Structures are given as structure tokens and as C-alpha cells.
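Below are the chains, spelled out letter by letter.
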Amino acid sequence: MKQSASAWVRPEILAIGAYHVADATGYIKLDAMESPYRLPASLAVELGRRLADVAINRYPDPSGAGLKDELKRAFGIPETAQVLLGNGSDEIITLISQALARPGASVVAPEPSFVMYKMNALFSGLDYVGVPLTADFRLDLPAMLDAIAAHQPAVVYLAYPNNPTGNRFERAEVEAIIEAAPGLVVVDEAYQAFADDSFMELAGSVDNLLVVRTLSKLGLAGIRLGYAAGSPGWIAELDKVRPPYNINVLTLAAARFALEHLAVFDEQAAALRAERARLAEALAGCAGVTVFPSEANFVTARVPDAPALFAALKQRGILIKTLHGSHPLLDHCLRFTVGSPDENRAVLAVLNDYFGH
Ligand SMILES: *Cc1c(COP(=O)(O)O)cnc(C)c1O
């Protein structure tokens, strides 16, 4: 007799909900750390021509060799480091999890942080150990070191800066974790374009360090390209679990095109940093609001009543992300992606009315 899916699917998968992406149709979309900027029209036309030349009847170059060299040049990846490409950095996290999921192996990550570390641990059958951040979202270094000593994790994830809190951890504390960890340490620099520090210069020379980045937050979320830089030994093993054609030909071509015009994306990132400061300042001026320092393209703030402010923004056509209820440390916290000047003005107008100044 046939049995339903629930008879076959692993209980830990049955127990979770699907990753929920809110329907943003018709809203000013400030919930997912996307860049508000599209390609300038002249570049869009040129990209169209470039994509028209792509041989879509052929499988992509399985190694993505040309693109890796161009990434190295564009982003200061050391000569000694090797590069792994992923269908978004999400896929790189998946590959790491798959490669390391020996029976009994564990993952350590601070909490709250990027949810995919925990999700992928669950998908691959790794034990997940979450170590709470302090109340002001700093690393609890003694607790992290204790967890590392107790669990001997196969991998430690550190988002630098952290999502969803926006702050960047102390460099010396990250260094102490890299030093103490027996296994791989992933420094996830998804927000590097908006941050004041990076571990990239150590990729390839510190053996257990893997620096992971993405083009997504830079204005290219739709093409899905992430990359990791690390020592040859680690990259070679992770590369074995990578699907051979994981980066499609259109993404390869679009990414190469984008790297030729990196100045455009850098200017956009600079504009977003300036807008971030305006948004943070406006939020800080609202009664009862605590703004957390951000080195990302979003601002996280604790407000007196998160559901009410979320609803007020939504009612005026603005979709942000509520973090309230997702972790005890995120009580009444909201995450605002930094938008264009017009979008941010719309947010400020709602804040003005809501807080009544
Ligand atoms: C957005 C984000 C990613 C995922 O980026 P993709 O390359 O789009 O998959 C990875 N890590 C962190 C911390 C993020 O915030």
C-alpha cells in the first residue's frame, strides 16, 4: 500500500515550516537587503547584447575558471587563496554542510544570526549549537570558546557584519575564534560592500579560514552568485560536493559584465552607506527607539511596539522585516533595508506621523 509523504520524509523536515518569503507585490520593498538600484539604462542595453552572445545550448564551463580569476582581481583575493563558486552564498553554506556532515559532527554559530546556518545543519544532519549574543549583539567570547572546546565543531559560522543585527563583531574576537577552532571557520562577508573591515587578506594563508561573499547585496541578487576564498586543501574538498554546472551561463556572463563595471556598484554602495546614516539618525530621534550600529545595508532598531509600527508602515505601502518573536534577544526589533532616497523619505514620513513629531 502506498503511504503519504509524511510516512517517508524525515521527521526533522516534517517538523519545520518552509522558508517564508513575503509577497511584496505593490509595496516599497525594504525587507530583503536588496539594492534599490537597477543597472543604468545604457549598461542594461550592453548587458542584453552580451547575454545574446551566450551559447545557451552548451553547459557552462564547469570550473568557472575565467570568472574566478576576475573575482580575485576585482576583490583583492590573495594569490595563495583558491576560489569556490556557488549559486548564491546560500549554496556555499549547503556545500560546506554536506561535506562536513560526519555522524556526530557539529556546527557552532552565534544567535541570532543568518538562519541558513542552522537550516543547512538540519538538512545535512549536523548537530547545531547556537551561542547567544550579548544583549547588545556582541559576541559572548567566553561562551563561544566554551562551546568550541566542548563540541569540537566541524565548522563555526560568523557573519561579519552580522545579519539580522547589522553590527560587525570585534576583529580580535573573531581572530580568537579562528585560533581556537579545531575545524573550519566561515567568515561570511555578505555585507562587505558596506563594512569597514574584512578577513579576505588572510584567505589562503590561515588554513581553517573560509571567507564567503556574495554579489547579492551589491545589486545583483537576481543572478545568484556567491564565492568562497580559502586554502587549497579546504577548497578542493568542498568543490567535490559542488554540482558540476552550478553556475549557469547567463550568470557567468552577467557577473563578468558586472565586474567590468564595478565602479557603478561601488558608487551605489557608497550612496547606500550615506542613506543608512540618514535612516539611522531619523530612527534614533524617535521616542523610545534604540538603533543598533550597522555596517550592512540595513538598520535594525528596537521600537516600543514592533507589530504596531510594522503594521503602520505596511498600511502606507512599505514592507520591512519584523524580527519580533524570532529570537528572545530580538524582542520588538525591526529590520529596515536601506532603500533609495525616495524610499527612505517614505519611511521617514511614516515615522514622523507615527511618532508624532
Ligand atoms: C543575504 C545573506 C547571504 C545569502 O546571500 P546569497 O548569496 O544571496 O545566497 C549569506 N549570508 C548572510 C549573512 C546574508 O545576510
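Before any of the text, the structure's been laid out above.
Residues numbered from 1 in each chain as written. Predicted model: local features only at pLDDT ≥ 70, side-chain atom pairs only at ≥ 80, totals over all residues. Heavy atoms only, no water.

**Q** In this structure, what is going on with the sheet that holds strand S13 (residues 333-337)? I would like to understand it.
**A** With antiparallel pairing, the 4 strands of this open sheet are ordered in space as S9-S10-S13-S12. Two strands close off the open sheet at either side, each with one partner strand: strand S9 (290-291) and strand S12 (321-322). By the bridge criterion, 2 bridges tie S12 to S13 in an arrangement that is antiparallel. Residue pairing across strands places Lys321 opposite Arg335, the latter belonging to S13. Helix H12 (residues 306-315) rests against S12 and S13 of the sheet, and its axis sits at about 30° to S13. (Pairing = 2+ DSSP bridges. Helix = DSSP H or I, 4+ residues; strand = E, 2+ residues; numbered from the N terminus. Contact = heavy atoms within 4.5 Å. Axes fitted to C-alpha atoms, helices over the stretch in contact; angles between N-to-C directions.)

**Q** Honestly, the pattern of salt bridges in this entry has me stumped. Any pointers?
**A** Under the counting rule described, the total for this entry stands at 19 salt bridges. One salt bridge in this structure joins Arg278 and Glu275, with 3.1 Å as the shortest N-O distance. Taken together, the residues span about one helical turn, with Arg278 and Glu275 both in helix H11 (residues 262-284) at a distance of 3 residues. We classify Arg278 as partly exposed; its relative accessible area is 33%. With relative accessibility at 9%, the residue Glu275 sits in the buried group. (Salt bridge = Lys/Arg side-chain N within 4 Å of Asp/Glu carboxyl O. Buried < 20%, exposed > 50% of the residue type's maximum accessible area, 1.4 Å probe, protein only.)

**Q** Quick question: what am I supposed to make of the side chain of Lys72 here?
**A** Structurally, the position occupied by Lys72 is in helix H4 (residues 65-75). Although buried, Lys72 forms no salt bridge, and the nearest oppositely charged side chain, Glu79, lies 4.2 Å from it. Sequence-distant contacts of Lys72, that is, excluding residues within four places in its chain, are made with Ile77, Pro78, Glu79, Ala81 and Val83. (Lys, Arg positive; Asp, Glu negative; His and termini not counted.)

**Q** Can you help me understand the environment of Leu348 in this one?
**A** With respect to the helices and strands, the residue Leu348 is situated in helix H13 (residues 341-355). Through-space distance from the C-alpha of Leu348 to that of Ala282 is 6.9 Å; in sequence the pair is 66 residues apart. Other than its neighbours up to four places away in sequence, Leu348 contacts Leu279 and Ala282.

**Q** Explain the pairing of strand S10 (residues 298-302) to me, please; I cannot follow it from the model alone.
**A** Remark: a regular strand shows side chains that alternate across the two faces of the sheet. In terms of burial, S10 is largely enclosed, as 4 of its 5 residues are buried. Where S9 and S10 come together, 2 bridges link them in antiparallel fashion. Looking at S10, one finds that Val291 is bridged to Ala301. Bridge analysis of S10 against S13 gives 5 bridges, and the strand direction is antiparallel. For Val299, the partnering residue across the bridge sits in S13 and is Phe336.

**Q** I would appreciate a short explanation of the site of the ligand in the present structure.
**A** Surrounding the ligand, one finds 14 residues, the nearest of these being Asp188, Tyr191, Thr214, Ser216 and Lys217. Between the ligand and Ser89, the relevant distance is 2.6 Å, taken from an oxygen atom to a main-chain nitrogen or oxygen of the residue. Thr214 has a polar side-chain atom sitting 2.5 Å from an oxygen atom of the ligand. Across the complex, the protein chains shield 93% of the 390 Å² of accessible surface that the ligand would expose by itself. In terms of residue class, the shell around the ligand is made up of 5 nonpolar, 5 polar and 4 charged. (Near = heavy atom within 4 Å. Polar contact = N/O pair within 3.5 Å; in protein donor to acceptor, adjacent residues only side chain to side chain. Areas by Shrake-Rupley, 256 points an atom, 1.4 Å probe, with all protein chains shown as cover. Nonpolar A, V, L, I, M, F, W, Y, C, P; charged D, E, K, R; others polar.)

**Q** How do you make sense of a nonpolar patch on the surface when you look at a structure like this?
**A** Residues Tyr19, Val21 and Val115 make up a contiguous nonpolar surface patch of roughly 320 Å² in combined accessible area. With relative accessibility at 53%, the residue Tyr19 sits in the exposed group. (Patch = residues over 30% accessible without salt bridge, like charges linked within 9 Å, V, L, I, M, F, W, Y side chains within 5 Å.)

**Q** How should I be thinking about the nonpolar core in this particular structure?
**A** Counting 55 residues, the largest nonpolar core has Phe75, Ile77, Val156, Leu158, Val174, Leu215 and Tyr227 as the members making the most contacts within it. For this core, the element with the highest residue contribution is helix H10 (residues 249-260), accounting for 6 residues. Once residues lying within four places of it in the same chain are set aside, the contact partners of Phe75 are Met200, Arg213, Leu215, Leu218, Tyr227, Leu259 and Leu262. If you look at the next biggest cluster of nonpolar residues, it comprises 32 residues, including Ala301, Phe336, Val347 and Leu348. (Core = buried A, V, L, I, M, F, W, Y, C linked by side-chain atoms within 4.5 Å.)

**Q** Can you walk me through unusual backbone geometry in this structure?
**A** Leaving glycine out, the prevailing phi sign among residues is negative, and the prevailing peptide bond configuration is trans. Of the consecutive residues Glu111 and Pro112, the connecting peptide bond is found in the cis state with omega at 0°. Checked against the element boundaries, Pro112 lands in the loop between strand S3 (106-111) and helix H6 (115-124). The phi dihedral of Arg224 is positive, around 60°, even though this residue is not glycine. Tracing the backbone shows Arg224 in the loop between strand S7 (209-214) and strand S8 (226-230). The partly exposed category is assigned to Arg224, whose relative accessible area is 29%. At His332, a residue that is not glycine, the phi angle is positive and equals roughly 55°. Looking at where His332 falls in the secondary structure, it is placed in the loop between S12 and S13.

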